[in-house]
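Fold and contact review
Take a look at the letters that make up each chain.
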Amino acid sequence: MNTKVFKTQIPTTTDSNIVKIAVEMADQNPQLKGFNQTQPLSAIIQDLCNGWNLSDSEQYALQFSEPNNSNYVTEKNRNEVKNGSVLRLAHSPSKTAHDILQKLNTGSNDEKVSALQKLASLSTDITFALEFINKQGLGFIIQLIENGKCVGGMLAYSLLSFVELMEHGIVSWDILEVPFINTVASYVNNQSSTAQDAKVVQASLSILENIVLNSSGKYGQVEKEVTFPNLVMHLQSQNQAIQLNAIALINALFLKADPAKRKAISGTLSSKQVRNVIWSNIIQSSSGQVGTEMAHQLYVLQTLSLGLLEQRMNTKMDPQDQDAHDKIKELRRIAFDSDGANATDGGARRQHGGFAKDYKKLGFKCDINPALDFTEAPPGMLALDCMIYFARSHTESYTKVVLENSCRADEHECPFGRTSIELVKLLCEILHIGEPPSEQGQNYHPMFFTHDRPFEEFFCICIVLLNKTWKEMRATTEDFIKVFSVVKEQITRALAAQPVELSMFKARLQLLTYAEITNLWQQERTSREEWESHARPVTQLKEMITPEIMELIQQQRLGFLVEGTRFTKYSNRGQRIKDKFWYVRLSPNHKVFHYGDCDEKSQPSLEELPNKLAVVDIKALVTGKECPHMKDVRGRKTTYHLAFSLTLDSVDVTSLDFVAPDEEVFDYWTDGINALLGNKMTSKETENDLGILLSMEIKLRLLDAEGVDIPQEPPPIPDDPPNYDFCYELK
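Residues numbered from 1 in each chain as written. Predicted model: local features only at pLDDT ≥ 70, side-chain atom pairs only at ≥ 80, totals over all residues. Heavy atoms only, no water.

Details of the sheet that holds strand S11 (residues 655-659)
- In spatial order, the strands read S9-S10-S11; together these three strands make up an open sheet with antiparallel pairing. Strands at the two margins of the open sheet, each flanked by one partner only, are strand S9 (618-623) and S11. Here the average twist between neighbouring strands, direction ignored, is 15°.
- Pairing geometry for S9 and strand S10 (residues 643-648), over five bridges, is antiparallel. Directly across from Val 622, in S10, lies its bridge partner Ser 645.
- The strands touched by helix H29 (residues 663-676) within the sheet are S9 and S10, with S10 carrying the most contacts at an inclination of about 20°. (Pairing = 2+ DSSP bridges. Helix = DSSP H or I, 4+ residues; strand = E, 2+ residues; numbered from the N terminus. Axes fitted to C-alpha atoms, helices over the stretch in contact; angles between N-to-C directions. Contact = heavy atoms within 4.5 Å.)

Considerations on helix H21 (residues 395-406)
- The end-to-end C-alpha separation of H21 is 16 Å, in line with the 16 Å expected for twelve residues at 1.5 Å each.
- Buried residues of H21: Tyr 398, Thr 399, Val 401, Val 402 and Asn 405, and no others. The arc that holds every buried residue of H21, seen down its axis, measures 160°, which confines them to one face. Structural note: H21 exposes Glu 396 and Lys 400 on the side pointing more than 90 degrees away from its buried face.
- Buried residues along H21 sit against helix H17 (322-336), helix H20 (381-393), helix H22 (416-430) and helix H23 (454-472). (Expected span 1.5 Å × (residues − 1). Buried < 20%, exposed > 50% of the residue type's maximum accessible area, 1.4 Å probe, protein only. Arc of directions from axis to C-beta.)

Here's the deal with the side chain of Ser 206
- Structurally, Ser 206 can be placed in helix H9 (residues 195-214).
- Ser 206 sits in the buried class, given a relative accessible area of 10%.
- Excluding anything up to four places from it in sequence, Ser 206 contacts Val 163, Asn 245 and Lys 578.

Section: the pattern of salt bridges
- Within this structure, the stated rule accounts for 20 salt bridges.
- Across the pair Glu 489 and Arg 493 runs a salt bridge, and its minimum N-O distance is 2.9 Å. Of this pair, Glu 489 and Arg 493 are both found in helix H24 (residues 480-496), four residues apart, which corresponds to roughly one turn of the helix.
- Because the salt bridges share partners, they merge into one network encompassing Arg 312, Asp 323, Lys 327 and Asp 385. (Salt bridge = Lys/Arg side-chain N within 4 Å of Asp/Glu carboxyl O.)

Quick word on the sheet that holds strand S8 (residues 611-614)
- Overall, antiparallel pairing links the four strands, which are arranged S5-S6-S7-S8 in an open sheet. In this open sheet, the two edge strands, each paired with only one partner strand, are strand S5 (565-570) and S8. In this sheet, adjacent strand axes meet at a mean angle of 30° when their direction is disregarded.
- Here six bridges tie strand S6 (residues 576-586) to strand S7 (residues 592-598), and the two strands are oriented antiparallel to one another. Within S7, the residue paired with Val 584 across the bridge is Tyr 595.

Spelled out as structure tokens, the structure:
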């Protein structure tokens, strides 16, 4: 039956509690009904059953009949039923769960596969999932998987059903025992590649990831059963869902491992073989334009890998660390001793302090005992690691940097030791080393997947850049902070271009000379407000035009809401649901929000979004930890500071909960909602936009006064004349 036909036939009603709907049922003619929101659902279902001469109305329930929504209608979500909605009368969740279990117990093989396929589809609805779990259905599915006798479609849909049932968080992942984990792991280790097996592998990877992340003590069993070579094999799959779930499981194992195991995992992942797999099968095959979820997983992998540097970054130099002392001596020896044999003999004959002149040329602050330069953490011993890597792996560049500065006048010398230590500290800040992965993060750098020592190589490129910039600026030691502000700008701008290889990053830096950076800064200063005037006439002009500008910003925000945004789904506990998205749009008349499920690339139209929320039904906007879905979140700042909720007057559904993908979207949405509710827009984006637009508008209005000095105070108003007996006389 065509839903558009239903909508054209449905008359309007004056009672706001009654909406006109169409109800379908298999092998029956549809019914057009008035759905009274104040009437119990059981009474509405009884009336529908009477219309179709059905007995036992308690065995029936209503379902939504929308492309992205087939959930059961309950007392909690019945407010989603709107004028023109199409519902379906079907067996109740309880009866459906009972029938599925009966088929699984006594049905033929084909009937079991069909029942499991239906179960996988229905389990996305929490109402049905609760009924099925209450009837011990989850335990039955666990046993079905655990006994290892399922094959083909039965196995695939058993695993998919299990994933969907557990996704609701009704049951703890701790219920799973070793035999179940081993069975699921065997499907991951199996190298079969049929289409049906793809679903099995996809679901199995997802199950193991959740066990690692959400169980309290099952990590060790998963880590024992699943080998990294098998996971790497799945990264080469042509199925993107399998690739995604494989890298998600790798990240989960990485995240939960103890420090020693993390190093071993990192060593495996940074090996040339594994890096080539990730590079060629994921990054390069998509030309760097991977999906949202894959970008997040690559970001997590990069963050965890670089995070291993945190220990060295926070470790101060130990005076008893002979290896560190040897590295400092090696830095001097590589730079100044041309004959390695003679250097060794000389080092044995001379005391450590005898090399003070050389250490001064190397640019250490403490040339008598350079070890003292590494007592600040961060960057700690990581700085020494990077310096010795540069000296050993890029000896020619290292000696060139050191000897060039040895030949300069003292005041223009770029101290290699001091600048290297500060540079490592800067790079750690830029790459956020030591910070846990953000649940919204997607900013990964493809070039870091092209080398087994990416951070050290990154440092080597940047230290050469720093020396070059120092020369271009004709800097002295007094200009240390100025030079680093330029270098930071050069590095961050080059990274923003997302170079896919380290050589491309290096080439990008060559273009970002000191002259180019100053030119860019000048352009940006010109585009911003070029002057900071506190003159009273300008201040008064600002006050006069601010309301106009705020109205313009409000229109832009509402336009952004009308265009809509795709959000990542979160559970009621504030946990990110992998690869699940929903889309929200404001109607052009600014009266109704339309929302519904979508995939990671689609932008549904208003007609494709099944759910509606009237703006008048919104009670308030709350943000951060005040949101209902963020109250149980512990320590995940990156989640709750992007969260906002619309609290509703409805008894059944108390809130609509969001987590924005970034701060800009968060600001735009909260601004737009505040505008709809008649509240003041107070976001950082509003403040920035107001400043920019005010500056532009004032410049336009003051064009006629160009070249005229505007006084801080307006000229005084002259006193009234003694009389007004003056005018032109016409003769």
